[in-house]
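# Per-entry structural report
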Amino acid sequence: MTKPTYRGGTPKIIALGAEAALIKHTFLGMPAVYKVRLPKPYRDPKLDLRLRSERTATEAKIIHDLRLAGLPVPALYYVSLSEGLIVMEYVEGDLLRDLINRRVSGYVDLVRELGKVIALMHGLGVVHGDITTSNVVVREGTPYVIDFGLAKYSNELEDVGVDVHLFIRAVESTHYDVMEEVIIAFFEGYASIAGEERVKEIKEKVREIRLRGRYVEERRQKRNK
Amino acid sequence: MIILGIESTAHTFGVGIVKDEPEYILADVRAKYVPEKGGIHPREASLYFMREAPRVIAEALQSAGLSMNDVDGIAVALGPGMGPCLRVGATVARALSVYFNKPLIPVNHAVAHIEIGKLITGARDPLIVYLSGGNTIIAAFVAGRYRIFGETLDMPLGNFMDTFVREVGLAPPYVVKGMHQLDKCAEESKEKKILNLPYVVKGQDVSFSGLLTAALRLVRSGKAKLEDVCYTVREIAYSAIIEVSERGLAHTGKKEVLLVGGVAASSVLRSKFEAMAALRGVDVKVVPPKYAGDNGVMIAWTGLLAFKHGITVEPERAYVRQRWKLDQADVPWGDP
Ligand SMILES: Nc1ncnc2c1ncn2[C@@H]1O[C@H](COP(=O)(O)OP(=O)(O)OP(=O)(O)O)[C@@H](O)[C@H]1O
Ligand SMILES: Nc1ncnc2c1ncn2[C@@H]1O[C@H](COP(=O)(O)OP(=O)(O)O)[C@@H](O)[C@H]1O
Ligand SMILES: [Mg+2]
Ligand SMILES: [Mg+2]
């Protein structure tokens, strides 16, 4: 039996994430990822359409802008809002998550590099909204940041703080056994771009954010009023 | 083995007695503090607890047909919760432990909500979605602890829903015949309109304070029908919770979802969870309302699991911990 052959290979599902299906294929001969945000049966159809097209537009716009600013993100090839589709450059490499889990030598340096990229991104007024080690693909020692559907333009310390909080929490739940060194390396990289003062400010904000959703006495008192 | 457990973290002073074999639950007595008006005043609640404690303990023993001599250990919720309330439970438990010479077992209240859910639903290794007035947490057991994958950045879901319906004049009461006023009001929306209100998910976290402010402003402006605002608010809030839960499932690879906490009683929320779960081929399990709220049984049961793993505390060192986070509690029995 002969397998069907396409120029550029067979389309292959690389991930069925919570939000989207990701298919590896080619686009005008270049290796590409097709990211499709699928409808969710549990959402009101109008809300569903709104969220899918908003996020598709956001992701496309922001990776495009960051790419033009010289940051390591996939190049944007094509967008269709009505289909919830983005076609982008395929970044050949490993997820930072897997590299950390395999303890490949130099994983701490990669996290430090990621800290730099995130500091540069924040410096350009973009917050990612979902920084995790699954949203970083490492190609030839460079951490490429992906998955910008929850990103937005903001210079607010609050939003930057939430972004960093999300990263720390993801590390705590996924890489709990090496979380200290990972978090330290991230801040080292971040500080080398943004400065120690800024990092202090951000850490303070993160502390404050982390106390909020918690079991706070005052909140329980207000509740039954 | 028989364990007596004491709950006093917030509004309920509860005593439960459990056994390590069926029928497991031997006694469940609760005294619920209901403020005359306004919210919970921790000090008043604690005074109420002090008055009620002797009676609740005596009734629990009596309904189980046991005396203190039959009990193998005293479990107590040392946190998280309100300081004055927690201190009543801790003081009573320390006294019982010293006087009757029984081991004292420290229990984390949030862990207890999960353990009773597992016992009753038979869930083994679920993604836990804990939705109550005081908590909104997505967690899963990984390597010795319940790790937090997502939570709220500001208000818990139940608090958000209660505040909204109260502010627009639909409550109290918040829940009528098992249906929350927000669900009731939303069902009245004929057109099922989705108004322009903010949907906020950040990573695996949700945020409701912006939605609350915007929704109340919209109602007060008179530019939209109340039932359409209710519908939009309900759809946004529930969808956000399901979305972060789905991310939690994708991330952890767990095959069951366990819903715990008071908001899990919403049938609308449950059917949305079922639609999501069907898509991913996972099961949804829900703690029945009786054990969703605070109670002493869950503390006793968790205490029993802990005691079997040698966890005890010296009475003089049994301090309360108001902010004892779920992921700071060791769960050596948690391996599925
Ligand atoms: N049928 C229902 N549908 C939706 N929400 C409900 C329903 N029944 C109760 N609730 C909500 O559940 C919440 C109370 O939950 P619960 O008693 O578990 O929490 P708590 O004791 O206040 O907090 P915690 O135990 O986490 O400290 C309230 O916000 C209430 O409105
Ligand atoms: N441009 C890309 N190049 C290579 N792999 C990618 C690319 N985009 C996504 N992936 C892979 O697909 C996975 C899911 O993609 P992502 O955009 O993060 O979607 P989701 O929102 O579902 O997490 C990533 O973790 C990564 O493994
Ligand atoms: Mg992703
Ligand atoms: Mg509770």
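Residues numbered from 1 in each chain as written. Chains lettered and ligands numbered in written order. Predicted model: local features only at pLDDT ≥ 70, side-chain atom pairs only at ≥ 80, totals over all residues. Heavy atoms only, no water.

## Some remarks on the packing of helix α6 (residues 209–221) of chain B against helix α7 (residues 226–252) of chain B
Residues and elements named next belong to chain B.
- Taken N-terminus to C-terminus, the directions of α6 and α7 make an angle of 170°; their axes are 10 Å apart at the nearest point. It follows that α6 is roughly antiparallel to α7 by the angle criterion. Residue-level contacts link L211, A215, L218 and V219 of α6 to L226, V229, V233, I236 and A237 of α7.
- Broken down by class, the residue content of the contact of α6 with α7 amounts to nine nonpolar, no polar and no charged. (Axes fitted to C-alpha atoms, helices over the stretch in contact; angles between N-to-C directions. Helix = DSSP H or I, 4+ residues; strand = E, 2+ residues; numbered from the N terminus. Parallel < 35°, antiparallel > 145°, perpendicular 65-115°, else oblique. Contact = heavy atoms within 4.5 Å. Nonpolar A, V, L, I, M, F, W, Y, C, P; charged D, E, K, R; others polar.)

## Examining the packing of aromatic side chains
- All told, the structure shown has 12 aromatic pairs over all chains when counted by the stated rule.
- Both rings, one in F141 of chain B and one in Y146 of chain B, keep their centres 5.7 Å apart while their planes meet at 75°; by these two values the pair is edge-to-face. Both residues of the pair, F141 of chain B and Y146 of chain B, belong to the buried class.
- Through successive ring pairs, a cluster of aromatic residues spans F167, F186, F187 and Y190 of chain A.
- We note R147 of chain B situated over the ring of Y176 of chain A; from NZ or CZ to the ring centre the distance is 4.1 Å. (Phe/Tyr/Trp six-rings, centres within 6.5 Å; stacked < 30°, edge-to-face > 60°. Buried < 20%, exposed > 50% of the residue type's maximum accessible area, 1.4 Å probe, protein only. Lys NZ or Arg CZ within 6 Å of the ring centre and 35° of its normal.)

## A few points about the coordination of the magnesium ion (ligand 3)
Residue and element names in this part refer to chain A.
- Only N135 (OD1) and D147 (OD) from the protein coordinate the magnesium ion (ligand 3), and they sit 2.1 to 2.2 Å from it. Of the two residues, N135 sits in the loop between β7 (126–127) and β8 (136–139) while D147 sits in the loop between β9 (142–145) and β10 (152–153), which places them 12 residues apart along the sequence. Across the pair, D147 and N135 agree in class, each one buried. (Donors = N, O, S within 2.8 Å, 3.2 Å for Na, K, Ca; no water.)

## Regarding the site of ligand 2
Residue and element names in this part refer to chain A.
- In the vicinity of ligand 2 lie 18 residues, with K35, E89, V91, N135 and D147 positioned nearest.
- Contact distances for ligand 2 include 2.7 Å between an oxygen atom and a side-chain N or O atom of K35.
- Between ligand 2 and the protein, one listed contact pairs an oxygen atom with a backbone N or O atom of S134 at 3.0 Å.
- When ligand 2 is considered free in solution it has 540 Å² of accessible area, and contact with the protein chains removes 87% of it.
- Put simply, the parts of the chain that give the shell around ligand 2 at least two residues each are β2 (20–27), β3 (30–37) and β5 (85–89).
- Here the shell around ligand 2 is composed, by residue class, of 11 nonpolar, three polar and four charged.
- Shared between two domains, the shell around ligand 2 holds at least three residues of each, these being domain 1 (12–89) and domain 2 (94–221). (Near = heavy atom within 4 Å. Polar contact = N/O pair within 3.5 Å; in protein donor to acceptor, adjacent residues only side chain to side chain. Areas by Shrake-Rupley, 256 points an atom, 1.4 Å probe, with all protein chains shown as cover. Domains from an automatic or database assignment.)

## Things to note about the domain arrangement of chain B
All names here are of chain B.
- Domain parsing of chain B yields domain 1 (2–114 + 293–328) and domain 2 (125–290).
- The C-alpha centroid of domain 2 is placed 29 Å from the C-alpha centroid of domain 1.
- Opposite the 12 residues of domain 1 that make contact, domain 2 presents 12 residues.
- When domain 1 packs against domain 2, close to 1000 Å² is buried across both sides, 64% of that on carbon and sulfur atoms.
- Looking at the side of domain 1 facing domain 2, the largest losses of area belong to I114, L326 and D327, adding up to 53% of the total buried there.
- Linking domain 1 with domain 2 are zero salt bridges, by the criterion used here.
- Our count for the domain 1 to domain 2 interface comes out at two residue pairs in polar contact (both at pLDDT 80 or more).
- Looking at the side of domain 1 that touches domain 2, the elements that each hand over two or more residues are β3 (25–32) and α3 (109–121).
- Residue contributions to the side of domain 1 that touches domain 2 peak at five residues, all from α3.
- Along the lines of polarity and charge, the residues of the side of domain 1 that touches domain 2 split into four nonpolar, four polar and four charged. (Buried area = accessible area lost by both parts, 1.4 Å probe. Salt bridge = Lys/Arg side-chain N within 4 Å of Asp/Glu carboxyl O.)

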